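What follows is the residue order along each chain.
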Amino acid sequence: LKVVVSLDLGPEVMPLLYNQPNLDVVVWPHESASGKEWLLKNIAGADGCIIMLFEKIDAEVFDAAGPNLKVVSTMSVGYDHVDLKELAKRGIKLGNTPDILSDSVADSSVMLALMAGRNTKQATNVVEKGEWPGWGWSPYGLCGPQMSPNSPQDIRTVGFIGFGRIAQATLARMIGFGYTRCVYVARSKDPARAKEIEQTIKARHPTLTTVQRVELDQLARESDVLYILAPGGPETYHIVNETFLKQMKKTAVLVNNARGTLVDSDALAKALKEGWLWGAGVDVVEGEPNVTVDHPLVKEPRCVMIPHIGSATWESRIGMGTIAVQNLLAGLAGIPLVAEVQVSKV
Ligand code: GLV
Ligand code: GLV
């Protein structure tokens, strides 16, 4: 059997493939992107492949692969880069890597919120540009909103776009900070399902007084910190736009740790400039990785941007690579994948 791996997953993961008998492993021998040309050329006749989130896997790739392709295994939880219709048409299975990255992404989500709220970009700039001696210390210099409640009367609300595993892990951290209200929007519109989730969450977190699925307008109005942790794709495209941002609290912080497509970057830059909200922390941005210092969000002093490293811990990334291999091998063997995207249902 032939498998194609679109970049080298390192000594912790690759042996899991090399140790397999009767497996012809074709791998781009670098840790950076192979480019689509390499994939198109090498995928011919493959039975399975491991791919990355920045690779658009569409009819062109499936046609280049030919009829043997049984399984596509992406080393990511998100799969908006894979054409699910084409996949379903050809009966190809899709594996992804959820759960193993929920804690690392929740950690980086909270990190971004704190960094944005507490002016970290401007503050580290003061030091790095050698300006500290002149700046000295000033009572209100670089102040921002306090990110945890200031008293028992100070009721804080955390909001979520998407309320899956990563959002729920992020909520647990915010409850540790003293947040007592949670509002969210989610893909499922089923009231029974919402009730079930809300009961489970409340039982898990006794200090939480509210956990409630709301409409977008209410989410924008009530959130002190708003986390975007929902899948990309057409359903969530620019869900955060001017209309949404205009309704946010002036002290609110917005975090996007999901996909760039959920946020209208120009609208967010305008919102920050005009003070519709306080700050933003983004790990993902539309058009990445082609983001230069001229990008309107990079220029915003209260927008902290990091280059899609939400799950970048050794634990998560080696775990994701391992699950990607397990999914691939299960797909080749014709048994259920460790984590399978139900292609026909999405
Ligand atoms: C990261 O963005 C992922 O989808 O795993
Ligand atoms: C989606 O899989 C999530 O974890 O939010």
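- The protein chain has the name Glyoxylate reductase in an unreviewed UniProt entry, where Antrodiella citrinella is given as its organism.
- Per UniProt, the protein chain has the following entry under Sequence similarities (unreviewed entry): "Belongs to the D-isomer specific 2-hydroxyacid dehydrogenase family."

Structural notes on the domain arrangement of the protein chain
Link 1 in the chain: When its domains are assigned, the protein chain resolves into domain 1 (2-99 + 313-345) and domain 2 (102-305).
Link 2 in the chain: In this structure, domain 1 and domain 2 have C-alpha centres spaced 32 Å apart.
Link 3 in the chain: Within the side of domain 1 that touches domain 2, the residues separate by chemical class into one nonpolar, three polar and three charged.

A short note on the environment of K41
Link 1 in the chain: With respect to the helices and strands, K41 occurs in helix α2 (residues 36-42).
Link 2 in the chain: Note: C-alpha distance between K41 and A64 (23 residues apart in sequence) is 7.5 Å.

With respect to the sheet that holds strand β1 (residues 2-5)
Hydrogen bonds between backbone groups are what pair the strands of a sheet, and the pairing can be parallel or antiparallel.
Link 1 in the chain: The mixed open sheet is built from six strands, whose spatial order is β2-β1-β3-β4-β5-β13. This sheet does not close on itself; its edge strands, each paired only once, are β2 (24-27) and β13 (340-341).
Link 2 in the chain: In the packing of helix α14 (residues 314-333) onto the sheet, contacts are made with β1, β3 (48-51), β4 (71-74) and β5 (93-95), and the angle to β4 comes to roughly 175°.

Observations regarding the UniProt feature "domain: D-isomer specific 2-hydroxyacid dehydrogenase NAD-binding" (unreviewed entry) in the protein chain
Link 1 in the chain: UniProt's feature table lists "domain: D-isomer specific 2-hydroxyacid dehydrogenase NAD-binding" (unreviewed entry) at residues 110-310, given in the numbering used throughout.
Link 2 in the chain: Within the segment residues 110-310, helix and strand shares are 37% and 14% respectively, and the terminal C-alpha atoms sit 11 Å apart.

Considering helix α5 (residues 102-117)
Link 1 in the chain: Along its 16 residues, α5 runs 22 Å from first to last C-alpha, staying within 8% of the 22 Å computed at 1.5 Å per residue.
Link 2 in the chain: Most of α5 sits out of view: 12 of its 16 residues are buried.
Link 3 in the chain: Among the residues making up α5, those that are buried are S102, S104, V105, A106, S108, S109, V110, L112, A113, M115, A116 and G117.
Link 4 in the chain: One or two positions beyond α5, positive phi appears at N119, with a value near 60°.

Considering the packing of α5 against helix α8 (residues 165-177)
Link 1 in the chain: The interhelical angle for the contact between α5 and α8, taken along N-to-C directions, is 55°, at an axis separation of 8 Å. It follows from the interaxial angle that α5 and α8 lie oblique. The handedness of the crossing between α5 and α8 is right-handed. Across the interface between the two elements, S102, D103, V105, A106, S109 and V110 of α5 pack against R165, I166, A169, T170 and R173 of α8.
Link 2 in the chain: For the contact of α5 with α8, the class distribution of residues is five nonpolar, three polar and three charged.

Reading guide: rules and limits
- Residues numbered from 1 in each chain as written.
- Chains lettered and ligands numbered in written order.
- Predicted model: local features only at pLDDT ≥ 70, side-chain atom pairs only at ≥ 80, totals over all residues.
- UniProt positions renumbered as here; feature names shortened; annotations may be inferred.
- Domains from an automatic or database assignment.
- Nonpolar A, V, L, I, M, F, W, Y, C, P; charged D, E, K, R; others polar.
- Helix = DSSP H or I, 4+ residues; strand = E, 2+ residues; numbered from the N terminus.
- Pairing = 2+ DSSP bridges.
- Contact = placed C-beta atoms within 7 Å.
- Axes fitted to C-alpha atoms, helices over the stretch in contact; angles between N-to-C directions.
- Expected span 1.5 Å × (residues − 1).
- Buried ≥ 20, exposed ≤ 12 C-beta atoms within 10 Å, placed from the backbone.
- Parallel < 35°, antiparallel > 145°, perpendicular 65-115°, else oblique.
- Left-handed = near helix turned anticlockwise from the far one by under 90°.

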